[in-house]
Structure formats: structure tokens, C-alpha cells
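# A structural walkthrough
In case you want the letters, here they are:
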Amino acid sequence: ASEASTTQSANSNVLISEGSLPDRKYKEIASIDVSVKKLTVFHKDPTKEQANAALTEKARAIGADAVINTTYKSGVGFTTWGYIDAKGTGVKLAD
């Protein structure tokens, strides 16, 4: 089995995890969905780091300490040259 990746933004204390943090207690707050788009063919492809930054911003807005079970999907859409979507569950960590 593969280890779920966990990252913490340098500019905040919101934890982003692809797993469920089995060693931590938490309370689920809400689902969080973000999309980072590439506006023209000349822009660079959106990155996982940009998606994590958007997740962090939304998590902070709802009072979450972490985003768990995060998934990523990227591709090309009808209205964009490229995108990366990220979604997960915003949670408040217990002490």
C-alpha cells in the first residue's frame, strides 16, 4: 500500500492530506472543492501546489485546520486550456 501524502503550507498552519489522518481526532466541517485553471495556451499548467494553496485559503475561510482525503484531477476543458481540480473535507483538529 502507498503512503498518503501530507503537506503543510509554509505560510499557514492548514494541513493538506490525501489520507484520513488516522492518528488524529477531528471534527468534519464541510466539503471543499477548488479549481485552478490555465487561461491561455501560453500560461503554465496549474500545479498541485497551486491547488493546495486554493484549498488552504478555502479551509481558513471555514475555520478548518486541515483538509483530509484530498483528491486531484487535471485535464483540458471546454472553457480552459488546462485545469487541476482538488477536493477534500475540511476538518477542525482536536487538541
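Everything below is about the structure shown above.
Along each chain, the written sequence defines residue order, and numbers are assigned to residues from 1. Given that the model is predicted, a residue must reach a pLDDT of at least 70 before its local features are reported, and side-chain atom pairs must reach 80 or more before they are shown or counted; all residues, however, enter totals for whole chains, interfaces and linings. By convention in this description, side-chain values take in all heavy atoms of the structure and omit both hydrogens and water.

### Topic: the environment of Asp85
Helix numbers and strand numbers start at the N terminus; a helix is a DSSP run of H or I with at least 4 residues, a strand a run of E with at least 2. Within the element layout of this structure, Asp85 appears in strand 5 (residues 82-93). Between buried and exposed lies partly exposed: a residue is buried under 20% and exposed over 50% of the maximum accessible area for its type, with that area taken using a 1.4 Å probe on protein chains only. The class for Asp85 is partly exposed, based on a relative accessible area of 27%. Counting along the chain gives 39 residues from Asp85 to Pro46, while the straight-line C-alpha distance between them is 9.4 Å. Note on contacts: a residue pair is in contact if any heavy atoms of the two residues lie within 4.5 Å. With residues up to four places along the chain from it excluded, the contact list for Asp85 reads Val34, Ser35, Thr71, Tyr72 and Lys73. Throughout this description, a polar contact denotes any pair of N or O atoms lying within 3.5 Å of each other; where both atoms belong to protein, one of them has to be capable of donating a hydrogen while the other can accept it, and for residues adjacent in sequence the pair is counted only when both atoms sit in side chains. Here the side chain of Asp85 touches Ser35 through a polar contact of 2.6 Å, side chain to side chain.

### Quick word on the side chain of Thr80
Locating Thr80 in the fold gives a position in the loop between strand 4 (66-75) and strand 5. Of the residues examined, Thr80 reaches a relative accessible area of 9% and is grouped as buried. Of the polar contacts made by the side chain of Thr80, one reaches the backbone oxygen of Gly82; its length is 2.8 Å. Excluding residues within four positions of it along the chain, Thr80 makes contact with Lys37 and Lys38.

### Here's the deal with the environment of Val14
Locating Val14 in the fold gives a position in the loop between strand 1 (6-8) and strand 2 (15-17). In the structure, Val14 is positioned 53 residues away from Val67 in sequence and 7.4 Å away in space, judged by C-alpha atoms.

In short, shape yes, function no, at least from these values alone.
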